[in-house]
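Listed below are the residues making up each chain.
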Amino acid sequence: MVPLFYYLVLSGILFACGVTGFLIKRNIITIFMSIELMLNGVNLSFVAFAAQWHALSGQVFVFFVMVVAAAEAAVGLAIIIAVFRTRETLNVDKVDLLKL
Amino acid sequence: MLHLVLFTVFGLICVAGAINLLVQTHPINSALSLVVVMGSLAVEYLLLGAEFVAAVQVIVYAGAIMVLFVFVIMLLNAGAEERSKGSIVALMLGVPGMLVGSILTAWVLVKHSGTQPVALGALPGHPKDIAQLLFHDFLLPFEVTSILVLIAIMGAVVLASRPESIEKTKKEN
Amino acid sequence: MATSLNDMMQTVPQWSDYIRILPEIVLSLFGMAVMMLDAVMDESKSQKALGAVALIGAFGAIGATLYQAQYPFGYGFWEMVRVDAFSIFFHFIVAAVTAVVILASFEYMEVQRIRAGEYYGLILFGAVGMSLMSSAVELVLIFIALEISSIATYILAGFRRRSATSSESSLKYFLLGSFATAFFLYGVALMFGATGSTSIFAISRSLESGNISLLAYAGLAFMFVGLGFKVAAAPFHVWTPDVYEGAPSPVVAFMSTAPKAAVFAVLLRVIFEINSPVPTRMWLIWIVAALSMTIGNIAALVQNNVKRLLAYSSIAHAGYILVAFAALPSSGIPAAMFYTAAYAAMNVGAFAVISHFGGEGERYVTMEDYAGLGKRSPLLAVTLTIFLLSLIGIPATGGFFAKFYVFSAALQANLVGLVIIGVLNSAIGAYYYLRIIVAMYMHEPKQEAPVAPIPMGAGLALAISVVVTIYLGVIPGRVLNYAQQSVSELTPVGQVVSLQAPHAVEARMATNVKKALAH
């Protein structure tokens, strides 16, 4: 028997790692991978909560999240390719025609 | 006991992979550590009894999405990350904001379900029941994802195709 | 296991289920039709034809919405969607904005040499997501619909393929948008953990019955952060100016109104349906509203690029709408709905002007380019002036009543501080909108050449926006009544208080206008 709390903490750690990566990484592809890491953390909490409530639906949500993540990955990587073509760089700090 | 041992081992592998993703400078190393995270998460799903999710995790996430990532990294010939100074303001606001957010969330999680234990394979995960949910109760979201996938295909085609005349040298502004 | 015929009937969607998603069906069918036609038609001739098909689709969606309004309201697809006056209001906004944006894109496509098939297809599919968001009552469906609308707009932002700024805008929008999506999703997960369900009504029941766990608050906060990104509310607004500056102008017209309206619909449903008296939650909205108004207006003061200026102004307007969220549900909901409608009309119009005036490659977007527009193209200048006056909130335009209802709703809830901040901000806002008007009429033009005459598509788009803006400013009663009617379906019975004072003012306004016309 493992306390549910452990699973939630693990998912929280993954989510926080994803947020950190989003903030500190400079390579666009790695930043995008950090977002995937956040989604993985969310998925684990969905499944853990599903175990808590004995609800099957939690697993179905994870399935939908994966579909969305796949669609997002396809579009995101295409955008990255388009940016690379015009700017020849993968460093976010050098993609700076528009001032932030 | 077995449950706890397995949870701890794979949980640690998972966290190690996540931290490695942050530490590595070359994107391919980060991508491979993300695969490690996803693989060990699949084991955690199995421990909870979500066989369906575990299988989809390996097939879709580790199998399809990560291959796409690795493919693009290779295609663009991405090198090691350059160390450039990011926006100081973003760090000044982002890091404390994140710390406060994580502490608050951790506190909420601690408060929530202190010691409710879950048994090994606690989830009812019969594929037939999942199919019932997916194709009946969640029929509309399921159908709507087809629009989502259609958009993703169109987007990939539009954005990744080479425009007829690219004006690389001429920058606006 | 044998299933009887009766069981079979219940497991198959009924006719009524399909009617409840009729606008979405119409939009998707036309989106597919556009893609099919694009494949078979000659590329040089297809632009206008594809636009016409897409336009029929958008008007078909308006028709489908009107049909839905006649049909009895209720749930569809096993409590996944709910059609009521509230969702029909937002369906209508989304479909109308889609139609106007398609009209405004007619000539833009040819001037900028953009491939039309994918463009119109993505606009229609994006609209599917947006209208689904406003009728969905299940967080997972809301999430998928949100992603449909977001991913479609990420792609549309990068549609000026020859320009590096456009793909950069697309990248920034994509990265920050998916980051926000992850936050929203974590909120959904926590909410699911707190209540064991993702249906908004089930969550609401579960929160009403027992003591509310902290987990539910955390979930709501995370969801609010995620949705705050999407509506460009203040601490989460950094992407807005860059994305709006780089994206094609008709796309900005689209993404600054329709998805925002849809996300506001989700916020209204979630916040008011999960109806528990929680002061902390209101404070969060209070702070975000005040920050959005202040940051948006002050940053807009120093902008020279008109698209960037309007981006900051849209942050400020998101703040005004959030003021209504901080108010009581009874008066706040109709005020927010009315504001969304008025904002959609005037902002789409303003960006339609910008997209026509910008010319090839969107060259003319700075304040200096707009100098002397009153002489070079009086008609264009007059229309832009009407939209800007409405954005300021001058009487006889939709913007006036929008601000009026929002602030009076806030006053009813005793949010005096917020109203003072809002009114001060409106005064600041007037300055930079007037700066454009002054430049257009008082300054000498940089170049004498007359602007290209307004073509038919853009002309129609402008005409519709002007008519709606003025209509909402002169006779707002009908729209407001409809918005108030939908409140009773959103909140528990007994809380509905009609806005008495605004009606009186509105009557006075109407007589004033009649007098003015008589003279």
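Since we're looking at a predicted model, the values are computed, not measured.

Participant: What should I look at first to understand the overall build of chain A in this one?
Facilitator: Within chain A one finds 3 helices and 1 strand. Over its C-alpha trace chain A gives a radius of gyration of 17 Å, far above what one expects of a compact globule, namely 13 Å for 100 residues. When its C-alpha atoms are laid out on the principal axes, chain A stretches across 50 × 25 × 20 Å. Looking at chain A as a whole, 74% of its 100 residues are labelled buried. In chain A, the share of contacts with a sequence separation of at least 24, taken over all contacts with a separation of at least 6, comes to 48%.

Participant: Hey, could you run me through the overall build of chain C in this one?
Facilitator: When its secondary structure is counted, chain C shows 24 helices and 2 strands. A compact globule built from 519 residues would reach a C-alpha radius of gyration of about 24 Å, and chain C, at 22 Å, matches this within 12%. Seen along its three principal axes, the alpha-carbon backbone of chain C occupies a region of about 80 × 60 × 45 Å. In chain C, which comprises 519 residues, the share counted as buried stands at 63%.

Participant: Would you take a moment to explain the environment of Ser150 of chain C for this structure?
Facilitator: Position of Ser150 of chain C relative to the elements: it lies in helix 7 (residues 139-157). Apart from the residues lying within four places of it in its own chain, the contact partners of Ser150 of chain C are Gly177 and Thr181 of chain C.

Participant: Explanation requested: helix 15 (residues 306-326) of chain C in the structure shown.
Facilitator: Structural remark: α-helix, 3.6 residues per turn; residues separated by three or four positions point the same way. End to end, helix 15 of chain C covers 30 Å across 21 residues, agreeing with the expected 30 Å (1.5 Å per residue, within 8%). Taking burial as the measure, the 21 residues of helix 15 of chain C include 21 buried ones, the bulk of the element.

Participant: I'm lost on the interface of chain B and chain C in this one. Help?
Facilitator: Where interface size is given, it is often the accessible area lost as the parts come together that is meant. Counting from both sides, the interface comprises 27 residues of chain B and, opposite them, 32 residues of chain C. Those elements that provide at least two residues to the side of chain B that touches chain C are helix 4 (88-112), helix 5 (127-137) and helix 6 (139-160) of chain B. The dominant element in the side of chain B that touches chain C, judged by the number of residues it contributes, is helix 6 of chain B, at 14 residues. Taken together, the residues of the side of chain B that touches chain C sort by class into 15 nonpolar, 7 polar and 5 charged.

Participant: What is the right way to read the interface of chain A and chain B from this model?
Facilitator: Contacts between the two partners involve 63 residues from chain A and, on the opposite side, 76 residues from chain B. Mapped by element, the contributors of at least two residues to the side of chain A that touches chain B are strand 1 (2-3), helix 1 (4-24), helix 2 (28-53) and helix 3 (57-87) of chain A. Among the elements that make up the side of chain A that touches chain B, the one with the highest residue count is helix 3 of chain A (23 residues). For the side of chain A that touches chain B, the class distribution of residues is 48 nonpolar, 12 polar and 3 charged.

Participant: Help me understand the confidence of the model for chain A, please; the structure alone is not making it clear to me.
Facilitator: Low-confidence regions, as indicated by low pLDDT, have predicted coordinates that should not be scrutinised in detail. Considering every residue of chain A, the mean pLDDT works out to 90; 98% of them sit at 70 or more. Within chain A, the lowest mean pLDDT, 85, falls on strand 1 of chain A, and the highest, 93, falls on helix 2 of chain A.

Participant: Sorry, what's going on with the environment of Val62 of chain A here?
Facilitator: As for its position among the elements, Val62 of chain A is in helix 3. Among all residues touching Val62 of chain A, those that are not within four sequence positions of it are Asn43, Phe46 and Val47 of chain A together with Val53 of chain B.

Participant: I would appreciate a short explanation of the environment of Ala342 of chain C in the present structure.
Facilitator: Residue and element names in this part refer to chain C. Within the secondary structure layout, Ala342 lies in helix 16 (residues 329-357). Once the C-alpha coordinates of Ala342 and Tyr471 are considered, the two residues, 129 residues apart in sequence, prove to be 9.6 Å apart. Ignoring sequence-local partners within four residues, the contact set of Ala342 consists of Gly398, Gly399, Ala402 and Leu472.

Participant: Is there a simple way to think about the confidence of the model for chain C in this case?
Facilitator: Residues and elements named next belong to chain C. Across chain C, pLDDT averages 87, with 90% of residues at or above 70. Across chain C, the element-wise mean pLDDT spans from 45 in helix 24 (residues 500-518) up to 96 in helix 7. Predicted confidence is poor over residues 513-519, with pLDDT under 50, and the contacts of this stretch with residues over four places away or in other chains come to 2 contacts. Among the scores for the predicted complex, ipTM is 0.97 and pTM is 0.92.

Participant: Please clarify how the packing of helix 3 of chain A against helix 5 of chain B should be interpreted in this entry.
Facilitator: When two helices pack together, you describe them by how their axes are tilted relative to each other and by the distance separating the axes. Following both chains from N to C, one finds helix 3 of chain A and helix 5 of chain B inclined at 60°, their axes separated by 10 Å at the closest point. Classified by the interaxial angle, the pair formed by helix 3 of chain A and helix 5 of chain B is oblique. Here helix 3 of chain A runs over helix 5 of chain B; the crossing is right-handed. Residues Ser57, Gln59 and Val60 of chain A of helix 3 of chain A form the contact with helix 5 of chain B, whose participating residues are Ile130, Leu133 and Leu134 of chain B. Among the residues making up the contact of helix 3 of chain A with helix 5 of chain B, the classes are represented as 4 nonpolar, 2 polar and no charged.

Participant: Could you clarify how one ought to interpret helix 5 (residues 85-112) of chain C in this entry?
Facilitator: All names here are of chain C. For helix 5, built from 28 residues, the straight-helix expectation of 40 Å at 1.5 Å per residue is met to within 8% by its first-to-last C-alpha distance of 39 Å. A maximum bend of about 40° is found in helix 5 at Phe106. With 25 of its 28 residues buried, helix 5 lies for the most part within the structure.

Participant: Explanation requested: the packing of helix 16 of chain C against helix 19 (residues 378-392) of chain C in the structure shown.
Facilitator: All names here are of chain C. In the contact formed by helix 16 and helix 19, the axes pass within 9 Å of each other and the chain directions differ by 145°. At the point where helix 16 passes helix 19, the crossing takes the left-handed sense. Judged by residue contacts, Met346, Gly349, Ala350, Val353 and Phe357 of helix 16 engage Leu380, Thr383, Leu384, Phe387, Leu388, Ser390 and Leu391 from helix 19. Of the residues in the contact of helix 16 with helix 19, the class split is 9 nonpolar, 3 polar and no charged.

Participant: Quick question: what am I supposed to make of unusual backbone geometry here?
Facilitator: Glycine aside, a negative phi is what most residues show, and trans is what most peptide bonds show. Residue and element names in this part refer to chain C. In this model, Ala232 sits at a positive phi of 60°, which is unusual for a non-glycine residue. Along the chain, Ala232 falls in the loop between helix 10 (214-231) and helix 11 (239-246). The exposure class of Ala232 is buried, given the 28 C-beta atoms found within 10 Å. One non-glycine residue, Ala396, lies in positive phi territory at about 75°. Among the structural elements, Ala396 can be located in the loop between helix 19 and helix 20 (398-412).

Reading the values: rules and limits
Residues numbered from 1 in each chain as written. Chains lettered and ligands numbered in written order. Predicted model: local features only at pLDDT ≥ 70, side-chain atom pairs only at ≥ 80, totals over all residues. Helix = DSSP H or I, 4+ residues; strand = E, 2+ residues; numbered from the N terminus. Rg over C-alpha atoms; globule rule 2.2 N^0.38 Å. Buried ≥ 20, exposed ≤ 12 C-beta atoms within 10 Å, placed from the backbone. Contact = placed C-beta atoms within 7 Å. Expected span 1.5 Å × (residues − 1). Nonpolar A, V, L, I, M, F, W, Y, C, P; charged D, E, K, R; others polar. pLDDT = per-residue confidence, 0-100. Axes fitted to C-alpha atoms, helices over the stretch in contact; angles between N-to-C directions. Parallel < 35°, antiparallel > 145°, perpendicular 65-115°, else oblique. Left-handed = near helix turned anticlockwise from the far one by under 90°. Bend = angle between axes of the 7 residues up to and from the residue.

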